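Chain by chain, the residues:
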Amino acid sequence: MHNHFYTLITGASEGFGKALAIECANRKMNLILVALPDSKLYALAEFIKQKYKVDVIALEKDLTIEENCIWVFKEVEQLRLSVNMLINNVGIGSTMLFSEGSVSFYQKQLKLNVIATTLLTSLFLDMLKSNKPSHILNVGSLCSFFFLAKKQVYGATKSYIYFFSKSLRRELRSDGINVSVICPGGMNTNASVMATNKSNNWLMRMSIMDPEDVAPIAIKGLLNRKEIIIPGRINKLFLLADKLLPPIINEMISNHHMKKFKSVSAIE
Ligand SMILES: NC(=O)c1ccc[n+]([C@@H]2O[C@H](COP(=O)([O-])OP(=O)(O)OC[C@H]3O[C@@H](n4cnc5c(N)ncnc54)[C@H](OP(=O)(O)O)[C@@H]3O)[C@@H](O)[C@H]2O)c1
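Per chain, residues are indexed from 1 in the order of the written sequence. Only residues with pLDDT of at least 70 are given local features in this predicted model, and only at 80 or more are side-chain atom pairs given and counted; all residues enter the totals for whole chains, interfaces and linings. With hydrogens and water set aside, each side-chain value is computed from the structure's full complement of heavy atoms.

In the annotation of an unreviewed UniProt entry, the protein is listed under the name SDR family NAD(P)-dependent oxidoreductase and assigned to Flavobacterium gawalongense. If you open the UniProt record of the protein and go to Sequence similarities (unreviewed entry), you find "Belongs to the short-chain dehydrogenases/reductases (SDR) family." UniProt positions are given in the numbering used here, feature names are shortened, and annotations may be inferred rather than shown by experiment.

K.L.:
What am I meant to see in the site of the ligand here?
P.N.:
We call a residue near a given molecule or strand whenever any one of its heavy atoms falls within 4 Å of it. As a structural note, the neighbourhood of the ligand is formed by 29 residues, with Ser13, Asp62, Asn89, Tyr154 and Thr189 the closest of them. Polar contact is defined as a pair of N or O atoms within 3.5 Å, subject to the rule that within protein one atom must be able to donate a hydrogen and the other to accept it, and that residues adjacent in sequence are counted only when both atoms are side-chain atoms. Measuring from an oxygen atom of the ligand, one finds a side-chain N or O atom of Tyr154 at 2.7 Å. Here an oxygen atom of the ligand and a side-chain polar atom of Thr189 are 2.5 Å apart. Here the Shrake-Rupley method, with its probe set to 1.4 Å, supplies the accessible areas, and only the displayed protein chains count as covering residues. When the free accessible area of the ligand is taken as 900 Å², the share hidden by the protein chains comes to 88%. Going through the elements one at a time, helix H1 (15-26) and helix H5 (152-172) are the ones with two or more residues in the shell around the ligand. Of the residues belonging to the shell around the ligand, the class tally is twelve nonpolar, 13 polar and four charged. Counting from the N terminus, the helices are DSSP H or I runs at least four residues long and the strands are E runs at least two residues long. Here the term charged refers only to Asp, Glu, Lys and Arg, the term nonpolar to Ala, Val, Leu, Ile, Met, Phe, Trp, Tyr, Cys and Pro, and the term polar to all other amino acids, Gly among them.

K.L.:
What is the right way to read the pattern of salt bridges from this model?
P.N.:
Where charged atoms from two side chains of opposite charge approach closely, those side chains can pair. By definition here, a salt bridge exists when the distance from a side-chain nitrogen of Lys or Arg to a carboxyl oxygen of Asp or Glu is within 4 Å. Following the criterion strictly, the structure yields two salt bridges and no others. For the salt bridge of Lys49 with Glu46, the shortest nitrogen-to-oxygen distance reads 3.9 Å. Of this pair, Lys49 and Glu46 both sit in helix H2 (residues 41-52), three residues apart, which is roughly one turn of the helix. Assessed through its relative accessible area of 31%, Lys49 is described here as partly exposed. Per-residue accessibility, obtained with a 1.4 Å probe over protein chains only, is compared with the maximum for each type, and a residue is labelled buried under 20%, exposed over 50%, and partly exposed between these values. Glu46 gets classed as partly exposed once you look at its relative accessible area, which sits at 39%.

K.L.:
Help me out: how do you make sense of helix H4 (residues 103-130) in this one?
P.N.:
Since the α-helix turns once every 3.6 residues, residues separated by three or four places project in the same direction. The terminal C-alpha atoms of H4 lie 40 Å apart, and with 28 residues this matches the ideal 40 Å at 1.5 Å per residue to within 8%. Throughout, bend refers to the angle between the axes fitted to the seven residues that end at a position and the seven residues that start at it. At Phe124, H4 is deflected by roughly 50°, the largest bend along its length. Each helix should span, by expectation, one fewer than its residue count multiplied by 1.5 Å.

K.L.:
So what exactly am I meant to see when it comes to unusual backbone geometry here?
P.N.:
If a residue is not glycine, its phi is most likely negative; likewise, a peptide bond is most likely trans. The peptide bond linking Lys132 to Pro133 adopts the cis configuration, its omega dihedral lying at 0°. Here Pro133 lies in the loop between H4 and strand E6 (134-139). For Lys28, which is not a glycine, the phi torsion comes out positive at approximately 65°. Tracing the backbone through its elements, the reader meets Lys28 in the loop between H1 and strand E2 (30-35). With relative accessibility at 36%, the residue Lys28 sits in the partly exposed group. In this model, Asp38 sits at a positive phi of 55°, which is unusual for a non-glycine residue. Summarising the element assignment, Asp38 is placed in the loop between E2 and H2.

K.L.:
So what exactly am I meant to see when it comes to the packing of H4 against H5 here?
P.N.:
Packed helices, taken two at a time, are described by their axes: the angle between them and the distance between them. Simply put, an axis is a line fit to the C-alpha atoms, just over the touching stretch for a helix, and the angle between two N-to-C directions goes from 0 to 180 degrees. Two numbers describe how H4 lies on H5: the axes approach to 9 Å, and their chain directions differ by 15°. With respect to their mutual orientation, H4 and H5 come out roughly parallel. In the crossing of H4 with H5, the sense of the turn from one axis to the other is right-handed. Facing H4, whose interface residues are Tyr106, Gln109, Leu110, Asn113, Val114, Thr117, Thr118, Thr121, Leu125 and Lys129, H5 presents Gln152, Val153, Tyr154, Thr157, Lys158, Tyr160, Ile161, Phe164, Leu168 and Leu172. Roughly parallel means an angle under 35 degrees; roughly antiparallel means over 145; roughly perpendicular covers 65 to 115; every other angle is labelled oblique. Note on convention: near helix rotated counterclockwise from far helix by under a right angle means a left-handed crossing. Clockwise means right-handed. The contact definition used throughout considers only heavy atoms, calling two residues in contact when any of these lie within 4.5 Å.

K.L.:
Looking at this structure, how should I read the state of the cysteines?
P.N.:
Each disulfide consists of a covalent bond between the sulfur atoms of two cysteine residues. Counting rule for disulfides: a pair of cysteine sulfur atoms within 2.5 Å. On inspection of all chains with the given rule, the structure shows zero disulfides. Here Cys143 stays free of any disulfide, with the sulfur of Cys183 as its closest cysteine sulfur at 9.8 Å.

K.L.:
Which parts of the structure should I look at to understand the sheet that holds strand E4 (residues 82-88)?
P.N.:
Strand pairing in a sheet takes place through backbone hydrogen bonds and is either antiparallel or parallel in direction. Pairing between two strands requires that DSSP report at least two bridges joining them. In space, the seven strands of this open sheet follow the order E3-E2-E1-E4-E6-E7-E8, with parallel pairing throughout. Looking at the sheet topology across the chains shown, the edges are occupied by strand E3 (56-60) and strand E8 (228-229). Of the strand pairs in this sheet, strand E7 (residues 177-182) and E8 are connected by two bridges, and their pairing is parallel. For Val181, the partnering residue across the bridge sits in E8 and is Ile228. Along the sheet, H4 makes contact with strand E1 (5-10), E4, E6 and E7, crossing E4 at roughly 155°.

K.L.:
Looking at this structure, I do not really get the side chain of Thr10. What am I missing?
P.N.:
Tracing the chain through its elements places Thr10 in strand E1. Within the structure, the side chain of Thr10 is placed 3.0 Å from the backbone nitrogen of Asn89, a separation counted as a polar contact. In this view, Thr10 contacts Val34, Leu63, Ile87, Asn88, Asn89, Val90 and Leu120; residues no more than four positions away in its chain are not counted.

If you want it as structure tokens, here you go:
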């Protein structure tokens, strides 16, 4: 094995996390992949091992449970693995009016999108400090920048990821740890996201990317120590328009756009 360090990726059995795992393996990085139990993670780990000739460890744990985040860290220590790259990808999305969501759904979304990322970063911090040069990639969203109806809790969790990443980057620079945040627009990952993507207008549909195309942009940006990674020209254009247009026009456009969406959440 050329490299004795490992990259830990959360939410790695499907969607963007799986694409990131394959991109990292293609760059000869050893992997620790985390996803829910019975998520076909072992099969993915075996496939990556065989195809890319890197070491892959699969850990199946529900990361909404804080004790499981701690278990993941302890297991990595127990196996004497050295992590020098932490990719906090796990997260669940939703598109629905606030009144349509249940308290238990919002709790799950906050625990996964906010608490798991914060906890794992805290747990692995000392290990990252001693395995320099090291990197943290947090997965935000283009929603981090916009105030969108039907995306209130999800958007707020992703704004947290954005602010957390930018502040932490300043703190950890002197420790030799790079922190980057990627803010993708729509990606064709799971079935509910793809259904939402299909009901978009033509410009939004044009902006949707495949996770396999976003993953190389993410890892290249991370290794180049980019602070904020925005994949795709149209997504960059949306951000520019948001800065240039008056707030009242932005609000009218986004309200008109969000009205069309049927309510969906990744889990109920
Ligand atoms: N898709 C988009 O359009 C989009 C846009 C911007 C940002 N993002 C962000 O990108 C990230 C990945 O999204 P995605 O669309 O790729 O998601 P996805 O296709 O639903 O995949 C989610 C991954 O997380 C795992 N997971 C779900 N709940 C978990 C839990 N409680 N504990 C441990 N693992 C869990 C899933 O495992 P199982 O296979 O077992 O369910 C799966 O591997 C998220 O942070 C999301 O907010 C997505």
